[in-house]
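Spelled out from the first residue to the last, the chains are:
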Number of protein chains: 2
Amino acid sequence: MQRGDEALQNIKILHIGLGPLGQKIIKYISERKGLETIGAVDTDPEKAGKDIGEICSLGKNLGIRVSSDPASAMAGKKPDAVLLTTVSSLEKLACQVEEIAGYGLNIVSTCEELSFPWGVQTELALKLDGIAKKHNIAILGTGVNPGFLMDYLPIVLTGVCQEVKSIKVSRIQDASFRRIPFKKKIGAGLTLEEFNEKCKQGALRHVGLTESIHMIADRMKWKLDGAEDIITPVVAAEDTISGETVIQAGTILGVQQIGKGYINGEEKITLVFRASIGEKNPADTIEIKGLPDITSTIPGGVNGDVATCAITINAVRSITGLPAGLKTMVDLPVTAFFSE
Amino acid sequence: MQRGDEALQNIKILHIGLGPLGQKIIKYISERKGLETIGAVDTDPEKAGKDIGEICSLGKNLGIRVSSDPASAMAGKKPDAVLLTTVSSLEKLACQVEEIAGYGLNIVSTCEELSFPWGVQTELALKLDGIAKKHNIAILGTGVNPGFLMDYLPIVLTGVCQEVKSIKVSRIQDASFRRIPFKKKIGAGLTLEEFNEKCKQGALRHVGLTESIHMIADRMKWKLDGAEDIITPVVAAEDTISGETVIQAGTILGVQQIGKGYINGEEKITLVFRASIGEKNPADTIEIKGLPDITSTIPGGVNGDVATCAITINAVRSITGLPAGLKTMVDLPVTAFFSE
């Protein structure tokens, strides 16, 4: 370090939650310099006592066994942060956060609803902020979306604007080459009736558009008087090949979800999230109308799985040394890749 | 504000340096909400005592007269920050910073060499950091380039990367429709001999590529073992129309400057800055090789004059409330547009 403001020691991580995301994060940390896994917690009795290298299919043991609670996972060592990859519901997460906070540990979580709970679940946000301050820790929710592509990155781009009239962000994904669970998640192959039924159950909803809208509005100091979140099906106009099956004309290729934020009835923020089989131009695109107008495109879009794990790891450095409280991405020094 | 962590009062600004950039910043602040000019300083006797509305050609007076020193410009009011738009040389700026710091005022400057002096002019950086801490203020250098497009923005994009092997940033500008001073600045219309002579004098050099390279490397925790900054002419292959004149084949259309940062002899950072008459595809492009690869493009590129003034204004909010010291863009909560 040229600036001497950061320790050269490894950042020590305790993992809580060893689902697919938690496993991938452990794998990633094992491949990096500057970070170190010191313990792992999961409540699944099937995982208890097993080496995390085995749980994460690393092909080798890492010498760390899965514990059922943080105290025994730490075994006297103090991590710099907990990576919490358990639930998507903020209400469920809050209890877990409260327990971890009791150990005085900073928390970075992939919980979508934690990315920007202010204005969406403000009471819970206040509660978590209070917990963080009481225990002198920082708490952050992050991920690729919400947490980066459709909120943080457009906010960053407004930094060179003298005026912003409106912001539109589109994340368009071609699901043709994605794994089957992803295709199912977006409703590919369903009939319109099945799609609508799944929609009612909330099973097709991408969590986070509303949080992203509120993050943008908050940072711009825009006072929203309304927000919407609309899900519609992407219907096949013709028979469409998807891997080894065919999605018939009239059935579902995928899902589109549009979030809108209004001020005085005017649409100021528009977020379009679409994932379907056979999308022609997959891309992440930001369009700012203002002074100057700015259009920014990432052709092909950013791979979501890789990106969410990476930003969760990269954020650990940015939350250390901050004043205590519930943080969001806009409150931190820039979250960047690093490698000693 | 939903989060109650920021005052609703206007941010009060003292301007020091009323050249073209300082004038445009005053104009921009006069058009915005949430910010307020409370005083202005310039050493030019021609400007002394005149209303800043007249100096900045606003077509109206703003009730603030140009002072020759900060104390009389403040007239008992305490600004939240000084916007310092005077010189490009950090050595010259340091004396001005020292004087302003004596009043306990945060400073945001457009001085290119201040954007990331660590590793480039480390002794001066240490001196300024000491001054800032002694007087309990934050000091920041920013702008569109250096300060955003070729350093901060690529750093932001690495936030979703598990690995970064190399970073290339290109800022390609078509000077065809720019004003004559800009065309002169890039050497358009010169003979090759004249170009080389101007190069020797340092008159064609864009200041900041080296600073940008060091900002990127520092944030990645990459230890550079070398950096280069190479200027070459863009020569007209055929007669090329530029406004009402013709640039003859064999003479100069503009300038290209390439900055490179090496680790163990490997080129890890490449910055290409080119401005010339008749560029076919002007754009700001970031290419990250890693996991995942990310390419991001802003077609047409970001207008530099607007953007530098805007980011200087927007940064004021981000430096308030920070621990004292010499800051760089990567140390701040995200710099974004805002409007009450």
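Everything numeric here is computed off the predicted structure, so don't read it as measured data. (Residues numbered from 1 in each chain as written. Chains lettered and ligands numbered in written order. Predicted model: local features only at pLDDT ≥ 70, side-chain atom pairs only at ≥ 80, totals over all residues. Heavy atoms only, no water.)

Attention now goes to the relation of the copies chain B and chain A. Rotating chain B by 180 degrees about the axis while translating it 0.0 Å along that axis superimposes it on chain A, leaving an RMSD of 0.0 Å. The transformation just described matches what one would write down for a two-fold rotation axis. Of the residues that chain B buries at the interface, 100% are likewise interface residues in chain A, meaning the two copies contact each other through the same surface. (Least-squares fit on C-alpha atoms with pLDDT ≥ 70 in both. Contact = heavy atoms within 4.5 Å.)

The next point concerns the packing of aromatic side chains. A complete count under the given rule lists two aromatic pairs over all chains for this structure. Consider the rings of F148 of chain A and Y152 of chain A, whose centres lie 5.9 Å apart with planes at 40 degrees: the pair is tilted. Considered together, F148 of chain A and Y152 of chain A belong to a single accessibility category, that of buried residues. Of note, K268 of chain A hangs over the ring of W222 of chain A, and the distance from its end group to the ring centre comes to 4.8 Å. If you follow R32 of chain B out to its NZ or CZ, it ends over the ring of F338 of chain B, 5.2 Å from the centre. (Phe/Tyr/Trp six-rings, centres within 6.5 Å; stacked < 30°, edge-to-face > 60°. Buried < 20%, exposed > 50% of the residue type's maximum accessible area, 1.4 Å probe, protein only. Lys NZ or Arg CZ within 6 Å of the ring centre and 35° of its normal.)

Now for the environment of R205 of chain A. Residues and elements named next belong to chain A. Tracing the sequence through the fold places R205 in the loop between α8 (192-200) and α9 (209-220). By relative accessible area, R205 is classed as partly exposed at 39%. Sequence spacing of R205 and A48 is 157 residues, and the spatial spacing of their C-alpha atoms is 32 Å. (Helix = DSSP H or I, 4+ residues; strand = E, 2+ residues; numbered from the N terminus.)

Once that is clear, we can look at the sheet that holds strand β2 (residues 35-41) of chain A. All names here are of chain A. Reading across from one edge, β3-β2-β1-β4-β5-β6-β15 is the order of the seven strands in this open sheet, with parallel pairing throughout. Two strands bound the open sheet, and with one partner strand each, they are β3 (66-67) and β15 (325-327). Two strands pair when backbone bridges link them, and strand β6 (residues 138-141) and β15 are joined in this way by three bridges, in the parallel orientation. Its bridge partner lying in β15, L140 is registered against K327. Here helix α4 (residues 90-101) sits on the sheet and contacts β1 (11-16), β4 (81-84), β5 (106-109) and β6; the angle it forms with β4, its principal contact strand, is near 160 degrees. (Pairing = 2+ DSSP bridges. Axes fitted to C-alpha atoms, helices over the stretch in contact; angles between N-to-C directions.)

Turning next to unusual backbone geometry. Here N145 of chain B and P146 of chain B are connected by a cis peptide whose omega angle stands at 5 degrees. Here P146 of chain B lies in the loop between β6 (138-141) and α6 (152-157). Cis geometry marks the peptide bond from L291 of chain B to P292 of chain B; its omega dihedral reads -10 degrees. Following the sequence through the fold, P292 of chain B ends up in the loop between β13 (283-291) and β14 (294-299). At K221 of chain A, a residue that is not glycine, the phi angle is positive and equals roughly 65 degrees. Tracing the backbone shows K221 of chain A in the loop between α9 and β8 (226-235). Unlike most non-glycine residues, N264 of chain B shows phi in positive territory, near 50 degrees. In this fold, N264 of chain B is placed in the loop between β11 (252-263) and β12 (266-276). The class of N264 of chain B is exposed, set by a relative accessible area of 71%.

Right, let's talk about the confidence of the model for chain A for a bit. Model confidence for chain A is summarised by a mean pLDDT of 95, while 98% of its residues fall at 70 or above. Here the prediction assigns the complex a pTM of 0.97, and the interface score ipTM is 0.97. (pLDDT = per-residue confidence, 0-100.)

Attention shifts here to the side chain of D42 of chain B. Note on placement: D42 of chain B falls in the loop between β2 (35-41) and α2 (52-55). A distance of 2.7 Å separates the side chain of D42 of chain B from the backbone nitrogen of L18 of chain B, its partner in a polar contact. (Polar contact = N/O pair within 3.5 Å; in protein donor to acceptor, adjacent residues only side chain to side chain.)

We now examine the nonpolar core. With 166 residues, the main nonpolar core has F148, Y152 and L153 of chain A together with F148, Y152 and L153 of chain B as its most contacted residues. Among all residues touching Y152 of chain B, those that are not within four sequence positions of it are Y152, V156 and V334 of chain A together with G147, M215, M329, V330, V334 and T335 of chain B. (Core = buried A, V, L, I, M, F, W, Y, C linked by side-chain atoms within 4.5 Å.)

With that out of the way, let us pick up the interface of chain B and chain A. One frequently used descriptor of interface size is the decrease in accessible area upon assembly of the parts. Across the boundary between the two partners, chain B contributes 61 residues, which contact 61 residues of chain A. Between chain B and chain A, the buried area comes to about 5,300 Å², and carbon and sulfur atoms account for 55% of it. Where chain B packs against chain A, one counts zero salt bridges. For the side of chain B that touches chain A, the secondary-structure elements that each account for two or more residues are α6, β7 (163-174), α9 (209-220), β14 and α10 (304-319) of chain B. With eight residues, α10 of chain B is the single largest residue contributor to the side of chain B that touches chain A. (Buried area = accessible area lost by both parts, 1.4 Å probe. Salt bridge = Lys/Arg side-chain N within 4 Å of Asp/Glu carboxyl O.)

A few words now on the pattern of salt bridges. Evaluated as defined, the whole model comprises 15 salt bridges over all chains. Its salt-bridge partner being E267 of chain A, residue K260 of chain A comes within 3.7 Å of it at the nearest N-O pair. Judged by its relative accessible area of 31%, E267 of chain A falls in the partly exposed class. Linking E31 of chain B and K27 of chain B is a salt bridge whose minimum nitrogen-to-oxygen distance equals 3.0 Å.

Time to look at the pairing of strand β7 (residues 163-174) of chain A. Residue and element names in this part refer to chain A. For β7, the tally of buried residues reaches nine of twelve residues, placing the bulk of the element in the interior. As defined by bridge partners, β7 adjoins strand β12 (residues 266-276) across eight bridges and the pair is classed as parallel. Looking across to β12, one finds that D174 is bridged to S276.

Attention now moves to the layout of surface pockets. Residue and element names in this part refer to chain A. Estimates place the volume of the second largest pocket at around 1,500 Å³. Residue lining of the second largest pocket: 49 residues in total, with L21, S88, E112, K185 and D305 positioned closest to the centre. Elements with a contribution of two residues or more to the lining of the second largest pocket: α1 (20-30), α4, β7, α7 (180-185) and α10 (304-319). When we break the lining of the second largest pocket down by domain, the ones giving at least three residues each are domain 1 (5-143 + 306-331) and domain 2 (152-301). (1 Å grid on protein atoms, 1.4 Å probe; cavity = no way out; pocket = protein on both sides within 12 Å on 5 of 7 lines; lining within 4 Å. Points joined across faces, edges and corners; volume = space filled by probe spheres on them. Domains from an automatic or database assignment.)

Residues and elements named next belong to chain A. The contact between α1 and α10 brings their axes to 10 Å, and the two run at 65 degrees. Judged by the sense of rotation from one axis to the other, the crossing of α1 with α10 is right-handed. Along the contact surface, α1 presents L21, K24, I25, Y28 and I29, while α10 presents D305, V306, T308, C309, A310, T312 and I313. Residues that form the contact of α1 with α10 fall into these classes: eight nonpolar, two polar and two charged. (Left-handed = near helix turned anticlockwise from the far one by under 90°. Nonpolar A, V, L, I, M, F, W, Y, C, P; charged D, E, K, R; others polar.)

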